[in-house]
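# Fold and contact review
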Amino acid sequence: MKITLRIPKQTDYDTIASWITDEKPFSRWAGPSLPFLFVAENLPELLAVEGCSNYCLSDIDNNCVGFGQFWPGKQGAVHIGRIIISPEARGKGAGRLLCEKLVEKARQSTGGSTVTLRVYRDNHAARSLYSSLGFFVIESESIDDLLFMSTTANRSRKSGA
Ligand SMILES: CC(C)(COP(=O)(O)OP(=O)(O)OC[C@H]1O[C@@H](n2cnc3c(N)ncnc32)[C@H](O)[C@@H]1OP(=O)(O)O)[C@@H](O)C(=O)NCCC(=O)NCCS
């Protein structure tokens, strides 16, 4: 799949909004503080985090098939979040590509070598993806249902070395 990162347009946010039709998956993706009953045109505002950069993953036909953000994290780290792939595109490697490209963009844009994220403990697909990209759990920063994960630039993908 020929795929690139680009800045999302409003029509992309409309597309992203259409991927999540149930409250629980929405709050697990966007965070518990965001209202589930939202208007798609308000999604960019709802997802805004101070200092954030938003990207969508675009396929060869320029369709948005994924989305993710990054913003300044703790102690010079850059934090990535709101990672999502369209339901139709899942299981074909798009999530891995999105995360690889987003991590690269986050490091380039901020100069931070450490990248962090949060993921629900029972989100096995996402946890498996992040672990395979070299992210490891920091239990001291994790809470009951939510794991804090981190990786640094010198951790290699897949090998976890
Ligand atoms: C998590 C998510 C982004 C993965 O995207 P994807 O395109 O399906 O992932 P890929 O096809 O690139 O797979 C990459 C890895 O993810 C893991 N993975 C993906 N789907 C999986 C599943 N159903 N079960 C277990 N692991 C899975 C595997 O480790 C896989 O590596 P492998 O192919 O070498 O086995 C996608 O499932 C999604 O959008 N989920 C809903 C939103 C969400 O939960 N976001 C995370 C918020 S923290």
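The rules behind these values
Sequence positions are assigned chain by chain, starting from 1 and proceeding in written order. Totals for whole chains, interfaces and linings use all residues, but because this is a predicted model, local features are given only for residues with pLDDT of at least 70 and pairs of side-chain atoms are given and counted only at 80 or more. Each helix is a run of DSSP H or I of at least 4 residues and each strand a run of E of at least 2, with the numbering of both proceeding from the N terminus. Partly exposed residues are those falling between the two cut-offs: more than 12 but fewer than 20 other C-beta atoms within 10 Å of their own, whereas 20 or more means buried and 12 or fewer means exposed, with C-beta atoms placed from the backbone. Think of it this way: take the backbone, place a C-beta atom on it, and check whether that atom is within 6 Å of the molecule or strand, in which case the residue is near it. Three classes are used, and their members are as follows: Ala, Val, Leu, Ile, Met, Phe, Trp, Tyr, Cys and Pro are nonpolar, Asp, Glu, Lys and Arg are charged, and the others, Gly among them, are polar. Note on terminology: a nonpolar core is any set of buried Ala, Val, Leu, Ile, Met, Phe, Trp, Tyr and Cys residues joined through C-beta atoms within 7 Å. C-beta atoms are placed from the backbone for every residue, and two residues are taken to be in contact when these atoms lie within 7 Å. For two strands to be treated as a pair, DSSP must find no fewer than two bridges joining them. For every residue, the pLDDT score states the predictor's confidence, bounded by 0 at the bottom and 100 at the top. For helices, the axis comes from a line fit to the C-alpha atoms of the stretch in contact; other axes are also lines fit to C-alpha atoms, and the angle between any two N-to-C directions lies between 0 and 180 degrees.

## Quick look at unusual backbone geometry
At Gln 75, a position not held by glycine, the phi torsion is positive, near 50°. As for its placement among the helices and strands, Gln 75 is situated in the loop between strand S3 (64–72) and strand S4 (78–85). Residue classification places Gln 75 among the exposed residues on the basis of 7 C-beta atoms within 10 Å. A positive phi angle is found at Arg 82, which is not glycine, with a value near 55°. Mapped onto the elements of the fold, Arg 82 is located in strand S4.

## What about the site of the ligand?
Not every one of the 19 residues close to the ligand is listed here, only the nearest: Arg 90, Gly 95, Ala 125, Ser 128 and Leu 129. The set of elements that each furnish at least two residues to the shell around the ligand consists of S4, helix H4 (94–110) and helix H5 (124–132). The leading source of residues in the shell around the ligand is H5, at six residues. Class assignment for the residues of the shell around the ligand results in nine nonpolar, seven polar and three charged.

## Some remarks on the nonpolar core
One finds Ile 80, Leu 102, Ala 106 and Tyr 130 to be the most contacted residues of the largest nonpolar core, which totals 32 residues. The residues contacting Tyr 130, other than those within four sequence positions of it, are Leu 117, Val 119, Phe 135 and Met 149.

## Let's talk about the pairing of S3
For strand S2 (residues 53–58) and S3, the ladder comprises six bridges, and the chain directions are antiparallel. Bridge pairing in S3 places Ser 58 opposite Cys 64. Counted along the chain from S2 to the antiparallel partner S3, the turn is five residues long, and its residue Asn 62 has a positive phi close to 70°. In this structure, S3 lies alongside S4, joined through six bridges in antiparallel fashion. Bridge pairing in S4 places Trp 71 opposite His 79. Between S3 and S4, which pair antiparallel and follow one another directly, the connecting turn spans five residues, one of which, Gln 75, has a positive phi of 50°.

## Digging into the confidence of the model for the protein chain
Averaged over every residue, the pLDDT of the protein chain is 92; residues scoring 70 or more account for 95%. S3 holds the highest mean pLDDT among the elements of the protein chain, 98, whereas helix H2 (residues 23–30) holds the lowest, 90.

## Focus on the sheet that holds strand S5 (residues 115–120)
In space, the seven strands of this open sheet follow the order S1-S2-S3-S4-S5-S7-S6, with mixed pairing throughout. Bordering the open sheet on either side are strand S1 (4–6) and strand S6 (136–137), each of which pairs with just one other strand. By the bridge criterion, three bridges tie S1 to S2 in an arrangement that is antiparallel. Of the residues in S2, the one forming a bridge with Arg 6 is Cys 56. Sheet strands in contact with H4 are S1, S2, S3, S4 and S5, and its direction is about 155° off that of S4.

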